[in-house]
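# Residue-level structural notes
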Amino acid sequence: MAKLEPEFTKRNTKIIGLSVDPVENHTKWAADILETQGYAVNYPMIGDHDLAVAKLYNMLPAEEPGTSEGRTPITNQTVRTVFVIGPDKKIKLMLTYPMTTGRNFDEILRVIDSMQLTANYSVATPANWKNGEDVIITAAVKDEDVPAKFPKGHKRIKPYLRTTPQPNL
């Protein structure tokens, strides 16, 4: 994340880390990340020692007893969830990774690009879409409005399936 922080900043997106470990551990991790990866952690890391945030976001059961004290990576494995929260403060994406699998932040950036694009241009992105590829014009756009709204042109594949070059390029 520290390496990719400039990519999130370009997208006007803030990063926050959450850990059920004590805050003191975060300082050690930040030093380890700088030493091993060469990047400084410049975003906030929240210490959720009492597990309140993890329970609030259903990463741990609400009835889970205790605090972070004495917990192991196995008992905390569901706290490996990535959330994308929109400007409206609603969860837009949740991905929970197995503890043995690294998170795919290129995919997170792709999703953010898609969500920002679709929020601004009445388009949807198809499966496996990558930034710069054609997008789908949503059904909310009437056929007669397409030429003015999408001046780069469009293809009508089916009445319900119209594509256009990505608008913000």
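Scroll up to find the structure.
Let us look at the structure shown here. (Residues numbered from 1 in each chain as written. Predicted model: local features only at pLDDT ≥ 70, side-chain atom pairs only at ≥ 80, totals over all residues. Heavy atoms only, no water.)

### Some remarks on the pattern of salt bridges
Inspection of the entire model under this criterion finds 8 salt bridges. The partner of Glu-7 in a salt bridge is Arg-11, and the shortest N-O contact between them spans 2.9 Å. Using a relative accessible area of 27% as the deciding quantity, one classes Glu-7 as partly exposed. When its relative accessible area of 14% is taken as the criterion, Arg-11 is described as buried. A salt bridge links Arg-162 to Asp-143, with the nearest nitrogen and oxygen atoms 2.9 Å apart. Separated by 19 residues along the polypeptide, Arg-162 in strand 8 (residues 161-164) and Asp-143 in the loop between strand 6 (135-137) and helix 5 (146-149) bring together distant segments of the chain. Looking at Arg-162, the relative accessible area reads 4%, which means it is buried. Several salt bridges share partner residues, and in doing so they unite Glu-7, Lys-10, Arg-11 and Asp-113 into one network. (Salt bridge = Lys/Arg side-chain N within 4 Å of Asp/Glu carboxyl O. Buried < 20%, exposed > 50% of the residue type's maximum accessible area, 1.4 Å probe, protein only. Helix = DSSP H or I, 4+ residues; strand = E, 2+ residues; numbered from the N terminus.)

### Details of the environment of Lys-55
The topology assignment puts Lys-55 in helix 3 (residues 52-56). Residues Lys-55 and His-26, 29 residues apart in the sequence, show an inter-C-alpha distance of 20 Å. If we ignore the near neighbours within four places in the chain, the residues touching Lys-55 are Leu-60, Pro-61, Ala-62 and Glu-64. (Contact = heavy atoms within 4.5 Å.)

### Observations concerning the side chain of Arg-80
Within the secondary structure, Arg-80 sits in the loop between helix 3 and strand 3 (81-85). In this structure, Arg-80 is buried with no salt-bridge partner, the nearest side chain bearing the opposite charge being Asp-21 at 10 Å. Within the local environment of Arg-80, its side chain forms a polar contact with the backbone oxygen of Thr-101, the two atoms lying 2.8 Å apart. Not counting the four nearest positions on each side in its chain, Arg-80 is found in contact with Leu-95, Thr-96, Tyr-97, Pro-98, Met-99, Thr-101, Gly-102 and Arg-103. (Lys, Arg positive; Asp, Glu negative; His and termini not counted. Polar contact = N/O pair within 3.5 Å; in protein donor to acceptor, adjacent residues only side chain to side chain.)

### Quick look at the pairing of strand 8
Across 3 bridges, the pairing between strand 6 and strand 8 is antiparallel. Looking at the pairing, Ile-136 lines up with Thr-163 of strand 8. In this structure, strand 7 (residues 155-158) lies alongside strand 8, joined through 3 bridges in antiparallel fashion. Across the sheet, residue Lys-158 finds its bridge partner in strand 8, namely Leu-161. (Pairing = 2+ DSSP bridges.)

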